[in-house]
Amino acid sequence: MKMPYDKNTQSHEPHAHPVRHADTHIPAPPSRRMVLSIGLLLLMAVALGLFPSWSRWVQQQNIAQTPDGAVRLGLVYQEKLVSLLVVTRVVDNSELLRIETTPDALYPQAVEHVLQDIRKINDQARTRQGEEFKPVQYETAMWNDDIRLQLQTRVIYRSEYQDQLAIPIQHSDRIIKKEEAVISKLLDSLKNYGPQQMALYRKEHSFLQP
């Protein structure tokens, strides 16, 4: 028996789906900025590789100026700064004071040395004079002759080509009349000597200071 035909009934066929192709990415060519960055990195790598040799070459050219001319130091291993203060009598060149130390210690050591001498003088005078003893005071103590005051600072280099090369960076030599030879006044003039010499050394004579 035939089933009645239902004209409202339609065949249901699956809807066709459009075919979607997989995305295909084509790499873009490197940008100019990227190329420059890569080139810079390569240059830096080469420079770093050459730096030790270049740095050594520069240091080997270290030249120090001396009163007699230029001296090649090469690689500098050590620098030492030394100051010397010498006070002598003009009449016989006998030494009254000698201090050799670093520039920053010159003034305090000179003062301490003079104070020790004054204490010795006072101890001897107290024994001889008894109640009439009048102590010598540092503030008013004087050398009782014309004096010669010599002051010098030098740098001592130990380097590739020089074992112990001493080069003066400052020197003064003056005569002071006994009327002006007040010890405390003369030594006080050295208060700023240490910092001045350190600044001069760092600015013009050091191969190790940054």
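That block above? That's the structure.
Since we're looking at a predicted model, the values are computed, not measured.

Before going further, it helps to examine the sheet that holds strand β4 (residues 95–101). The strand order across the open sheet formed by 4 strands is β4-β3-β5-β6, and the pairing between neighbours is antiparallel. Edge positions in the open sheet fall to β4 and β6 (165–176), since each of these has one partner strand only. Averaged over all adjacent pairs, the angle separating strand axes in this sheet is 10°, with direction ignored. Summarising the sheet, strand β3 (residues 76–89) and β4 pair through 6 bridges and their orientation is antiparallel. By the bridge assignment, V87 is partnered in β4 with L97. Strands in contact with helix α2 (residues 103–129) are β3, β4 and β5 (147–159); relative to β4, the strand with the most contacts, it is inclined by about 145°. The strands touched by helix α4 (residues 193–205) are β3, β5 and β6; relative to β5, the strand with the most contacts, the crossing angle is about 35°.

Before going further, it helps to examine unusual backbone geometry. Most peptide bonds take the trans configuration, and most residues that are not glycine carry a negative phi. The phi dihedral of N93 is positive, around 65°, even though this residue is not glycine. Here N93 shows up in the loop between β3 and β4. Judged by relative accessible area, N93 falls into the exposed class, the value being 51%.

Here the focus is the packing of aromatic side chains. Applying the stated criterion to the full structure yields 1 aromatic pair. Centre to centre, the rings of Y157 and F207 are 5.8 Å apart; their planes meet at 65°, and the pair counts as edge-to-face. In this pair, Y157 is assigned in strand β5 and F207 in the segment after α4, connecting sequence segments 50 residues apart.

Parameters at a glance
- Here the residue index of a chain counts from 1 through its sequence in written order.
- For this predicted model, a pLDDT threshold of at least 70 governs which residues receive local features, and a threshold of 80 or more governs which side-chain atom pairs are given and counted, while totals over whole chains, interfaces and linings are taken from all residues.
- The side-chain numbers reported here are obtained from all heavy atoms of the structure, hydrogens and water having been left aside.
- At least two bridges found by DSSP between two strands are what make those strands a pair.
- Numbering of helices and strands starts at the N terminus; helices are DSSP runs of H or I of at least 4 residues and strands are runs of E of at least 2.
- Orientation is described by axes fitted as lines to C-alpha atoms, over the contacting stretch for helices, and by angles from 0 to 180 degrees between their N-to-C directions.
- Contacts were defined at the residue level, with two residues in contact if any of their heavy atoms lie within 4.5 Å.
- Relative accessibility thresholds used throughout: buried, under 20% of the residue-type maximum; exposed, over 50%; partly exposed, between the two (1.4 Å probe, protein chains only).
- Stacked, edge-to-face and tilted are the three classes for Phe, Tyr and Trp ring pairs, Trp counted by its six-membered ring, which pair at centre distances within 6.5 Å; planes under 30 degrees apart are stacked, over 60 edge-to-face, the rest tilted.

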